[in-house]
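Here is what each chain is made of, one letter per residue.
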Amino acid sequence: MALYSDKVMDHFINPRNVGVIEDADAVGEVGNAKCGDIMRMYLKIDDDIITDVKFETFGCASAIASSSMATELIKGKPVSEARKLTNQAVAEALDGLPDYKMHCSVLAQEAIESALENYENKS
Ligand code: FES
């Protein structure tokens, strides 16, 4: 069996929503001290709906695929729904990650959580 699913490869090679939102309503940044990977998440929020989301990930293939999928899962959703996103849901949407790569999906979930905390602290 291949190490990565077709979906992981697709989101790694062709990541969705990469970049920066200059006038973001919220920004979150997290890092994993063990592997050194860093993820930054930018949100545009209108009337409690996430109207746009972009990310920058300085990290491994799974981290890039996880952040790409996570942005797809929360785009257009209410803040309350994005808050409930779990790293398992991100990994499942990617048709799974190897066990030792699950922490990469945690980073994506934490980046969103960090951005949402930033948003809630402002409002
Ligand atoms: Fe660090 Fe994937 S190895 S996030």
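Conventions adopted
- Residues numbered from 1 in each chain as written.
- Predicted model: local features only at pLDDT ≥ 70, side-chain atom pairs only at ≥ 80, totals over all residues.
- Heavy atoms only, no water.
- Helix = DSSP H or I, 4+ residues; strand = E, 2+ residues; numbered from the N terminus.
- Rg over C-alpha atoms; globule rule 2.2 N^0.38 Å.
- Buried < 20%, exposed > 50% of the residue type's maximum accessible area, 1.4 Å probe, protein only.
- Contact = heavy atoms within 4.5 Å.
- Areas by Shrake-Rupley, 256 points an atom, 1.4 Å probe, with all protein chains shown as cover.
- Lys, Arg positive; Asp, Glu negative; His and termini not counted.
- Charge placed at Lys NZ, Arg CZ, Asp CG, Glu CD.
- Pairing = 2+ DSSP bridges.
- Axes fitted to C-alpha atoms, helices over the stretch in contact; angles between N-to-C directions.
- Parallel < 35°, antiparallel > 145°, perpendicular 65-115°, else oblique.
- Left-handed = near helix turned anticlockwise from the far one by under 90°.
- Nonpolar A, V, L, I, M, F, W, Y, C, P; charged D, E, K, R; others polar.
- Salt bridge = Lys/Arg side-chain N within 4 Å of Asp/Glu carboxyl O.

### A word on the overall build of the chain
At step 1: Regarding its fold elements, the chain presents 5 helices and 3 strands.
At step 2: Helices (α) and strands (β) of the chain occur, in sequence order from the N terminus, as α-β-β-β-α-α-α-α.
At step 3: The C-alpha radius of gyration of the chain comes to 13 Å, within 12% of the 14 Å expected for a compact globule of 123 residues.
At step 4: Going through the 123 residues of the chain one by one, you find that 46% of them count as buried.
At step 5: Partitioning the contacts of the chain with sequence separation of at least 6, the portion at a separation of at least 24 is 61%.
At step 6: On the chain, roughly 6,300 Å² of surface is accessible, and the fraction owed to carbon and sulfur atoms is 50%.
At step 7: Taking the average place of the 12 positive charges on the side chains of the chain and the average place of its 21 negative ones, the gap between the two points comes to 1 Å.

### Some thoughts on the sheet that holds strand E1 (residues 26-31)
At step 1: As summarised here, the arrangement of the 3 strands in space is E1-E2-E3, forming an open sheet in which the pairing is antiparallel. One side of each edge strand has no neighbouring strand; the edge strands of this open sheet are E1 and strand E3 (49-58). When strand polarity is set aside, the average angle formed by the axes of neighbouring strands in this sheet is 15°.
At step 2: Its contacts with the sheet put helix H2 (residues 61-74) on strand E2 (38-46) and E3, and the angle it makes with E3 is roughly 175°.
At step 3: Relative to E1, helix H5 (residues 102-122) is tilted by about 145°, and along the sheet it contacts E1, E2 and E3.

### Side note on the packing of H2 against H5
At step 1: Where H2 meets H5, the axes come as close as 8 Å, and the angle between the chain directions of the two elements is 40°. Taken together, the axis directions place H2 and H5 in an arrangement best described as oblique. Classified by chirality, the crossing of H5 by H2 is right-handed. Listed contacts from H5 to Ser 62, Ala 63, Ser 66, Ser 67, Ala 70 and Ile 74 of H2 are Cys 104, Ser 105, Ala 108 and Ile 112.
At step 2: Residues of the contact of H2 with H5, tallied by class, amount to 6 nonpolar, 4 polar and no charged.

### What to know about the pattern of salt bridges
At step 1: Counting across every chain of the model gives 8 salt bridges.
At step 2: The closest approach of N and O atoms between Lys 44 and Asp 25, which form a salt bridge, is 3.8 Å. A residue pair is termed long-range when its members are at least 10 positions apart, and Lys 44 in strand E2 and Asp 25 in the loop between helix H1 (6-13) and E1 qualify at 19 residues.
At step 3: With a relative accessible area of 23%, Lys 44 lands in the partly exposed category.
At step 4: On the accessibility criterion, Asp 25 (23% relative accessible area) is partly exposed.
At step 5: Salt-bridge contacts for Glu 29 lead to Arg 40; the nearest nitrogen and oxygen are separated by 2.7 Å. Of the two residues, Glu 29 is situated in strand E1 and Arg 40 in strand E2; the sequence distance between them amounts to 11 residues.

Coordinates in, geometry out; function isn't part of it.
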